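A structural walkthrough
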Amino acid sequence: MRTIIKGGTVVTAGDTIDTSVLIEDGVVKALGYVGSNADSVIDASGLLVMPGGIDPHTHLSLPAGGTFSSDDFFTGHKAAAFGGTTCQIDFAMQVKGGTLAEGLKTWHEKANGKAVIDYAFHMGIVDPTEEALAEIETMPAEGISSLKIFLAYKNVLQLEEEAVLKILKIAGRKGMLTLVHAENGEAIYQTTQELLAQGKNTMRYHSEAHSAIAESEATSRAVDYVEMTGAPLYVVHTTAGQGLQAIRRGRRRGLPIMAETCSQYLVLTDKYLATDSFEGAKYICSPPPKSEWDQSIIYECLADGTIQTVATDHCPFWFEGGKDGRLPGKELGKDCWAKVPNGVPGIEDRLVVLWHKAVNSGLITPEQFVALSSTNAAKIFGMYPRKGTIAPGSDADIVLFNPNKKRVISAKTHHMNVDYNVYEGMEVTGWPEKVFSRGRLLVDGDKWLGEAGTGKYIPRETHAAIL
Ligand code: URP
Ligand code: ZN
Ligand code: ZN
């Protein structure tokens, strides 16, 4: 099967060039003058031809807070594709008392038969027994080259310092990357107990417990762990300005520390949570969005390279769940913020939000947009150049993006399996028109052409790039 995309402007992280793309059997065969001998010729006049997005941080069908996140590997992938994302890295989680292999098997089972776009897994370690630590070395053979650890969620997911340092060292030796959720779990735990004892139950107190300093302290500590061990570290979902400044200082000292933020933090601030109304539950996630000042530092760090990736941490829960066949959702915490399942939806909106907020404003270039939304994740997580670029030999994961198309984001029109959208009513300029996964057209305007079970697991390489 040969497809030609002609008349468009190809944008990669490296350059922008008006040229044609030839796709053969799901792979980019050539760029440049490619003739017209093809089964299908797509006219991309006026469109940008960009690598499909890679979302390196999602939670599909995640068990959490007494329920599961509401998107599975079909609905989540369909929504991702509508938003121009063609590859996703989820977190396979060890269960306490279980092995890493068991956790991985569970996540493969969640994806099997449902996936539509390609996907990979990080391995989350929550029970660092001697056996589990020894098992880390078996992960690369399974295509797993990154581990996730938590400095927060005391008594649930949080690791002690002993395990943190051991895991960093093992991962570093094996060419694996450690990802860290950096919030001070003890501080959050104590503040939570104090707030609840005072009857402070409404949504605003989530922000108070998950304060900026709780994140910044843990982030600074994470930078120090890198200095102590020499092992590379990637800080997920950064929101706190002081924490990002610590990462920037660490990078300037040459430390192998990298940072991710998420599209919701480019739009939301702590104002969305500063309410006693249950509406605030829609925005409860950890870490929560911070002040406008913190947000200004996020933007600064996108532009100056302190942040390498923009993910979503997609972890949707129904606002009004537990009825009409819906899983229980945010209503589980109707009487208290501490019982609200943590997480927000966003897998579908990442590219358009980043484009609208950062490219249309002139903060970053289209090439930087591609780097932040796709290429850097492919490089950091060991999938480049198969993923993350448009070059001969790479998978034909391609989005045809109309930089002039205006749309309003809304839960009424989104494809995520959830009843609200954190960007509700936001008008954006820039929208994906067509989305290809390995040469298959999944999305054509508002039409869905994908099929469950066609997404592939992508094993990832160790010793990947440190950007
Ligand atoms: O609130 C969030 N982010 N839930 C998902 C789990 C995590 O901490 O990334
Ligand atoms: Zn996290
Ligand atoms: Zn997460």
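Our structure's up above, just so we're on the same page.
Here we summarise the structure given alongside this text. (Residues numbered from 1 in each chain as written. Chains lettered and ligands numbered in written order. Predicted model: local features only at pLDDT ≥ 70, side-chain atom pairs only at ≥ 80, totals over all residues. Heavy atoms only, no water.)

**Describing the sheet that holds strand β20 (residues 440-444)**
- Judged by pairing direction, the sheet is mixed, and its seven strands sit side by side in the order β3-β2-β7-β18-β19-β20-β21 without closing on themselves. Each end of this open sheet is capped by a strand with a single partner; those strands are β3 (16-18) and β21 (447-448).
- Two elements, strand β19 (residues 427-437) and β20, share four bridges in a ladder whose sense is antiparallel. Note on β20: the bridge partner recorded for Lys-434 is Asp-444.
- Where helix α10 (residues 350-359) meets the sheet, its contacts fall on β7 (48-51), β18 (398-408) and β19, and the angle it forms with β19 comes to roughly 140°. (Pairing = 2+ DSSP bridges. Helix = DSSP H or I, 4+ residues; strand = E, 2+ residues; numbered from the N terminus. Contact = heavy atoms within 4.5 Å. Axes fitted to C-alpha atoms, helices over the stretch in contact; angles between N-to-C directions.)

**Re the environment of Asn-404**
- Topologically, Asn-404 is positioned in strand β18.
- Since its relative accessible area comes to 61%, Asn-404 is described here as exposed.
- For the pair Asn-404 and Trp-431, spaced 27 residues apart in the sequence, the C-alpha separation amounts to 7.7 Å. (Buried < 20%, exposed > 50% of the residue type's maximum accessible area, 1.4 Å probe, protein only.)

**Some thoughts on the site of ligand 1**
- Close contacts around ligand 1 come from His-57, His-59, Lys-148, Tyr-153, His-181, His-237, Cys-285, Ser-286, Asp-313, Cys-315, Asn-342 and Gly-343, and that covers them all.
- In this structure, a nitrogen atom belonging to ligand 1 sits 3.2 Å away from a main-chain N or O atom of Asn-342.
- Gly-343 has a polar backbone atom sitting 3.4 Å from an oxygen atom of ligand 1.
- Out of a free accessible area of 270 Å², ligand 1 has 95% covered by protein chains.
- Because more than half of its atoms lie within 2 Å of the grid, ligand 1 is assigned to the largest pocket.
- When grouped by side-chain class, the residues that make up the shell around ligand 1 number three nonpolar, seven polar and two charged. (Near = heavy atom within 4 Å. Polar contact = N/O pair within 3.5 Å; in protein donor to acceptor, adjacent residues only side chain to side chain. Areas by Shrake-Rupley, 256 points an atom, 1.4 Å probe, with all protein chains shown as cover. 1 Å grid on protein atoms, 1.4 Å probe; cavity = no way out; pocket = protein on both sides within 12 Å on 5 of 7 lines; lining within 4 Å. Sits in = over half its atoms within 2 Å of the grid points. Nonpolar A, V, L, I, M, F, W, Y, C, P; charged D, E, K, R; others polar.)

**Focus: the sheet that holds strand β6 (residues 40-43)**
- Reading across the sheet, the four strands line up as β5-β4-β1-β6 and stay open at both edges, with mixed pairing between neighbours. In the strand order of this sheet, the two ends are held by β5 (27-32) and β6, each with one partner. Ignoring strand direction, the axes of neighbouring strands in this sheet form an average angle of 20°.
- In terms of strand pairing, strand β4 (residues 20-24) meets β5 through five bridges, oriented antiparallel. Each residue of the ladder has a partner; that of Ser-20, found in β5, is Gly-32.

**Description of the nonpolar core**
- Grouped together as the largest cluster of nonpolar side chains are 132 residues, with contacts concentrated most on Met-50, Phe-121, Ile-136, Leu-354 and Phe-369.
- No other element matches the seven residues that α10 contributes to this core.
- Apart from the residues lying within four places of it in its own chain, the contact partners of Phe-369 are Met-50, Leu-351, Leu-354, Trp-355, Val-359 and Ile-364.
- Counting 14 residues, the second-largest nonpolar core is a separate cluster that includes Val-28, Ile-42, Ala-396 and Leu-400. (Core = buried A, V, L, I, M, F, W, Y, C linked by side-chain atoms within 4.5 Å.)

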